[in-house]
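Residues per chain, in single letters:
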Amino acid sequence: MESSLAERAKGGPFHMVTPLLESWALSQVAGTTVLLKCENVQPAGSFKVRGIGHFCQEFANRARRAPFCSRTGGNAGIAAAYCARKLGVPATIVLPEGASQRVVRRLQGEGAEVQLSGKVWDEANLRAQELAKRDGWVNVPPFDHPLIWEGHASLVRELKAALGSPPGALVLAVGGGGLLAGVSAGLAEVGWQHVPIVAVETRGAHCFHAAVEAGRLVTLSNITSVAKCLGAKTVAARALECTQEFKVLSAVVEDSEAVKAVQRFLDDERMLVEPACGAALAAVYSGLLGRLQAEGRLGPSLASVVVIVCGGNSISSQELQALKAQLGLG
Ligand code: PLV
């Protein structure tokens, strides 16, 4: 007999416990122990499967037999398509026009239907909401939902289990702010709410930084950064709220710093990640951590720094070459 959706949902969770690796090369640069939380090895290629897997499982448990529908800069859609395949339900993924062909093929490989709509994430989002409403589908939100944050929080439980005592700081990238909100929830859960979070964006995708500076949500008029997966025009309200409850240090790096970080990380650790993740790595490689320490915003001697290597599928050796050429990095 065919298993029910709820039974298949019990086969989860869909994410894996990821390695926490000490990086000799990044530790040399930072002058303190740098630990890499390797979300790049998750199924579907990024941390996104934590939150989205949890969201999809919760819905499946409630036996809503609706197909999934997601809109995304790439990785959230791949995670949603992956979870839908595991659950045996159809998925339609809406991407902005100009999305990479490789990502489209990857989604189709997961069995999803792909629709292209709008120029940036927010426009694809409107189309996905329309579809969800019209056809009664479950709209899988990439970052702005409590179940997504609950799912991402598992990352911090793993850190607690591996480290025992809290790190000196945590570094992560911010797009729509789901990872930030989820990690914050996790920190509160394990009693580590005092750990500073360095929240990095690239210039041109800096909706969180703009909101922090203005003290209210800000909508960017356009996404100009090459880190398209950080390209939400407005950050989730919860991410901004987190700055009141946690020690969040918002920072912006240049595209060139993010892309250089991708190249250096590839050479240092033999792992290829996309510029969205390069933004977090640039906190170490570009000396941002040192500057925050010099400004007294981070303590002078950090026991260790955990960098969340969020991963990402929107990169290949060819794309990295093209990005470097585009930014004049040779
Ligand atoms: N990317 C989302 C949202 O885009 C997406 O649809 O794929 N690192 C990587 C590799 C990512 O893919 C993302 C988000 C982030 C970091 C940032 O995570 P967030 O959105 O939870 O802050 C707009």
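Just so it is clear, the model here is predicted, and its values are computed rather than measured.

## Description of the environment of Glu123
For Glu123, the position within the fold is in helix α6 (residues 121-135). Residue Glu123 is classed as partly exposed on the basis of its relative accessible area, which comes to 33%. Taking the C-alpha atoms as reference points, Glu123 and Val94, separated by 29 residues in sequence, lie 9.6 Å from one another. Every residue in contact with Glu123, bar those within four places of it in the chain, is listed here: Ser117, Gly118 and Lys233.

## Focus: empty space enclosed by the protein
What the rule picks out here adds up to 1 cavity of 30 Å³ or more. By volume, the largest cavity is sized at about 320 Å³. Every element with two or more residues in the lining of the largest cavity is listed here: α4 (75-87) and α9 (178-190). Classifying every residue of the lining of the largest cavity gives 13 nonpolar, 12 polar and 3 charged.

## Examining the sheet that holds strand β2 (residues 33-38)
What the 6 strands build is an open sheet, ordered β1-β2-β10-β7-β8-β9; its pairing is mixed. Each having just a single partner strand, β1 (20-23) and β9 (248-253) make up the two edges of the open sheet. Across the sheet, the mean angle from the axis of one strand to that of its neighbour is 25 degrees, orientation sign disregarded. Direction of pairing for strand β8 (residues 197-202) relative to β9: parallel, over a ladder of 6 bridges. Within β9, the residue paired with Ala199 across the bridge is Ser250.

## Quick word on the layout of surface pockets
The volume enclosed by the largest pocket comes to roughly 600 Å³. What lines the largest pocket is a set of 28 residues, among which Gly98, Ala99, Ser100, Val226 and Lys228 lie closest to the centre. Broken down by element, the residue count for the lining of the largest pocket peaks at 4 residues, all from helix α15 (residues 317-326).

## Description of the pattern of salt bridges
On inspection of all chains with the given rule, the structure shows 12 salt bridges. With its nearest N and O atoms 2.7 Å apart, the salt bridge here joins Glu39 to Arg50. Of the two residues, Glu39 sits in the loop between β2 and α3 (48-61) while Arg50 sits in helix α3, which places them 11 residues apart along the sequence. Accessibility expressed as a relative area gives 1% for Arg50, which makes it buried. Sharing partners across several salt bridges, the network here consists of Lys37, Glu39, Arg50 and Glu158.

## Examining the domain arrangement of the protein chain
Taken domain by domain, the protein chain holds domain 1 (5-47 + 146-326) and domain 2 (48-140). Centre-to-centre separation of domain 1 and domain 2, based on C-alpha positions: 23 Å. Between domain 1 and domain 2, the residue contacts involve 39 residues of the former and 35 residues of the latter. Summed over both sides, the interface of domain 1 with domain 2 buries roughly 2900 Å², with 59% coming from carbon and sulfur. When the area that domain 1 buries against domain 2 is broken down by residue, the three leading residues are Leu5, Phe14 and Leu147, summing to 26%. Counting across the domain 1 and domain 2 interface gives 3 salt bridges. Its salt-bridge partner being Glu319, residue Arg102 comes within 2.8 Å of it at the nearest N-O pair. At the level of elements, α1 (5-9), α7 (146-152) and α8 (154-163) are the ones that each hand at least two residues to the side of domain 1 that touches domain 2. It is α7 that provides the largest number of residues to the side of domain 1 that touches domain 2, a total of 5 residues. When its residues are assigned to classes, the side of domain 1 that touches domain 2 shows 16 nonpolar, 15 polar and 8 charged.

Scoring rules and cut-offs
Residues numbered from 1 in each chain as written. Predicted model: local features only at pLDDT ≥ 70, side-chain atom pairs only at ≥ 80, totals over all residues. Heavy atoms only, no water. Helix = DSSP H or I, 4+ residues; strand = E, 2+ residues; numbered from the N terminus. Buried < 20%, exposed > 50% of the residue type's maximum accessible area, 1.4 Å probe, protein only. Contact = heavy atoms within 4.5 Å. 1 Å grid on protein atoms, 1.4 Å probe; cavity = no way out; pocket = protein on both sides within 12 Å on 5 of 7 lines; lining within 4 Å. Points joined across faces, edges and corners; volume = space filled by probe spheres on them. Nonpolar A, V, L, I, M, F, W, Y, C, P; charged D, E, K, R; others polar. Pairing = 2+ DSSP bridges. Axes fitted to C-alpha atoms, helices over the stretch in contact; angles between N-to-C directions. Salt bridge = Lys/Arg side-chain N within 4 Å of Asp/Glu carboxyl O. Domains from an automatic or database assignment. Buried area = accessible area lost by both parts, 1.4 Å probe.

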